[in-house]
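Reading the structure
What follows is the residue order along each chain.
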Amino acid sequence: MKEKILIYGGTFNPVHKGHTHILKSFKEAINPDKILVIPTGDPPHKDSPDLINASHRINMLKLALKEENIDAEISDIEVNSKEKSYTAVTLTKLRAIYPDAEFYFSMGEDMFLTLHKWYKPEIILKEAFICAAKRSDDAEERLKKQYENLKTNFSDFKGEIFNIPYLEASSTEIREGTPDKKRELLSESVFRYIFENSLYTDTFENKIPNRAECLKLIKPLLKEKRYTHSLFVAKKALELQLKYGNSNKEKVEAAALLHDIMKDTSIETQLKIIEYSGIILSDSFLKSPQVLHQLSGALYLKNYLKVSSRSIISAVKYHTTGRANMSTTEKIIFVADSTSEERNYENLDIIKEASEISLDKAIFVNTQCILKDFASKGLFIVEDTLKTYNYYLAKVE
């Protein structure tokens, strides 16, 4: 009896839940003796400037297959080739390795509908049984039409359209999407790998992100109101920097624009970022989710975006709670966050008045107001806020 080999290829840039879903579905439907997952090297049908190194794609495939409990072999037959990754060439090479095997070549709707336009489709259709699955609700008629087209124009065509429920996921959507979107569509191990290896993002080792770079980072992650707030905080921070000096203007602006970078990210995703960074949260943070974004934001900047400026990281890390003996940059971001132009809340005027006297005075008054507000609402107060109040109380007495 011939060995049945299920072949599943793609760029896997990155591998996502849609990939593993369709692979498990085909495995169940075909019951192969062997599964070959083949990441592409240089894909001929795609312009792929953002295609990451094959070693990363293979590592993520290993993680996803293990997490999803899929017994499959990852083949490097294409990534190690100096040729473009034409399926016809790959199948010819595989036929030499497995001369007596039956190949079942699996693909989604988009690939199936363009199969007749591929490089030497007659070789593909001769060598493999084509297994197609839909990727949209209205795909059935298009797939049937293509099936008949292939059957009419290629005498060796053999295949089947499988009724596999589709799972909507896109590698492009994941690469360009938010941390929440990545966590939703990736297996956890792959999400962690992307974070720990700073994949699909610009990084900022040994440089300060300029204004345009900061805006590019926060625009997709923040709701419109939060994005506008960040702009106003940057404006106020630069005013305070001009007034009080003793800080780097570029770092102040970057910290101000980036201070809320994780604010609109779900608590669940923030907790994962903190976990991946090796941080064990104190009880005060666990009981105060409203300040969690300052820590997750600092860790996102440091460990994912590779921002190496300690003053920027620290200013983001303490912009909500403050801390004892803050640097000038930290003070500016703390005060700017609470007194930016669009703010409108009780006690705002007295904090603004204090900021005209000194940053220390503004920090004390602001923290005093926070403590009163939290106490009146019965909210847990983070330890850093208490330390900030005590420290700056002594400074302004």
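Quick look at the structure, then. (Residues numbered from 1 in each chain as written. Predicted model: local features only at pLDDT ≥ 70, side-chain atom pairs only at ≥ 80, totals over all residues. Heavy atoms only, no water.)

The next thing to look at is the overall build of the chain. For the chain, the helix and strand inventory stands at 20 helices and 6 strands. Relative to a compact globule of 397 residues, whose C-alpha radius of gyration would be 21 Å, the chain shows 27 Å and is clearly more extended. Taken along the three principal axes of its C-alpha coordinates, the chain extends 90 × 40 × 35 Å. Of all 397 residues assigned to the chain, the portion counted as buried reaches 49%. Distance between charge centroids for the chain: 3 Å, based on 57 positive and 58 negative side chains. (Helix = DSSP H or I, 4+ residues; strand = E, 2+ residues; numbered from the N terminus. Rg over C-alpha atoms; globule rule 2.2 N^0.38 Å. Buried < 20%, exposed > 50% of the residue type's maximum accessible area, 1.4 Å probe, protein only. Lys, Arg positive; Asp, Glu negative; His and termini not counted. Charge placed at Lys NZ, Arg CZ, Asp CG, Glu CD.)

Moving on: the sheet that holds strand β4 (residues 102-108). Strand order in the open sheet formed by 6 strands is β3-β2-β1-β4-β5-β6, and the pairing between neighbours is parallel. Both edges of this open sheet fall to β3 (73-74) and β6 (159-162), since each of them pairs with a single strand only. Judged from the 5 bridges that link them, strand β1 (residues 4-10) and β4 form a sheet pairing that is parallel. Note that in β4 the partner of K4 across the bridge is E102. (Pairing = 2+ DSSP bridges.)

The sheet contact formed by strand β5 (residues 128-133) and β6 spans 4 bridges and is parallel. What sits directly across from A133, in β6, is F162. Handedness of the crossover joining β5 and β6 through helix α6 (residues 140-153) is recorded here as right-handed. (Right-handed = clockwise from strand over helix to strand, strands pointing away.)

Counted at 1.5 Å a residue, the expected span for helix α11 (residues 224-244) with its 21 residues is 30 Å, and the 30 Å between its end C-alpha atoms agrees. What α11 keeps buried is the set Y227, H229, S230, V233, A234, A237, L240 and Q241. In an axial view of α11, the angular spread of the buried residues amounts to 150°, which keeps them on one side of the axis. Facing away from the buried side of α11, by more than 90 degrees, are the exposed residues E224, K225 and L242. Contacts made by the buried residues of α11 are with α10 (211-218), α12 (249-258), α17 (328-339) and α19 (359-377). Of the residues flanking the end of α11, it is G245, one or two places downstream, whose phi is positive at about 55°. (Expected span 1.5 Å × (residues − 1). Arc of directions from axis to C-beta. Contact = heavy atoms within 4.5 Å.)

A contiguous nonpolar patch, built from I267, L271 and L286 and spanning about 230 Å² of accessible area, is present on the exposed surface. As for its placement among the helices and strands, L271 is situated in helix α13 (residues 267-276). (Patch = residues over 30% accessible without salt bridge, like charges linked within 9 Å, V, L, I, M, F, W, Y side chains within 5 Å. Areas by Shrake-Rupley, 256 points an atom, 1.4 Å probe, with all protein chains shown as cover. Salt bridge = Lys/Arg side-chain N within 4 Å of Asp/Glu carboxyl O.)

What follows deals with α10. For an α-helix the count is 3.6 residues per turn, leaving residues at separations of three or four pointing the same way. Residues of α10 that are buried include every one of C214, L215, L217 and I218, and no others. In an axial view of α10, the angular spread of the buried residues amounts to 160°, which keeps them on one side of the axis. More than 90 degrees from the buried face of α10, the exposed residues found are A212 and K216. Here the buried face of α10 lies against α11 and α12. The backbone nitrogen of A212 has a side-chain oxygen 3.1 Å away, supplied by the residue at the start of α10, namely N210. (Polar contact = N/O pair within 3.5 Å; in protein donor to acceptor, adjacent residues only side chain to side chain.)

So, on to the nonpolar core. With 89 residues, the main nonpolar core has F26, M60, I261, Y300 and L305 as its most contacted residues. For I261, the residues in contact, after removing those within four places along its chain, are L217, I218, L221, L222, G297, Y300, L301 and L305. Counting residues in hydrophobic clusters, the runner-up holds 25 residues, among them F103, M107, I124 and L143. (Core = buried A, V, L, I, M, F, W, Y, C linked by side-chain atoms within 4.5 Å.)

Time to look at the environment of D283. You can see D283 is positioned in helix α14 (residues 283-286). By relative accessible area, D283 is classed as exposed at 53%. As a C-alpha pair, D283 and S327 span 44 residues in sequence and 26 Å in three-dimensional space.

Our next topic: the side chain of S75. Within the fold, S75 resides in the loop between β3 and α3 (87-97). From its side chain, S75 meets the backbone nitrogen of I77 in a polar contact 3.2 Å long. In contact with S75, other than residues within four places in its own chain, are V37, I38 and P39.

A separate point is the packing of aromatic side chains. Inspection of the entire model under this criterion finds 12 aromatic pairs. Judged by centre distance (5.7 Å) and plane angle (70°), the rings of Y8 and F12 are edge-to-face. Accessibility assignment for this pair places Y8 and F12 in one class, buried. A cation sits over an aromatic face here: K219 above Y227, 4.3 Å from the ring centre. Its guanidinium or amino end placed over the ring of Y318, R323 lies 5.2 Å from that ring's centre, counting from NZ or CZ. (Phe/Tyr/Trp six-rings, centres within 6.5 Å; stacked < 30°, edge-to-face > 60°. Lys NZ or Arg CZ within 6 Å of the ring centre and 35° of its normal.)

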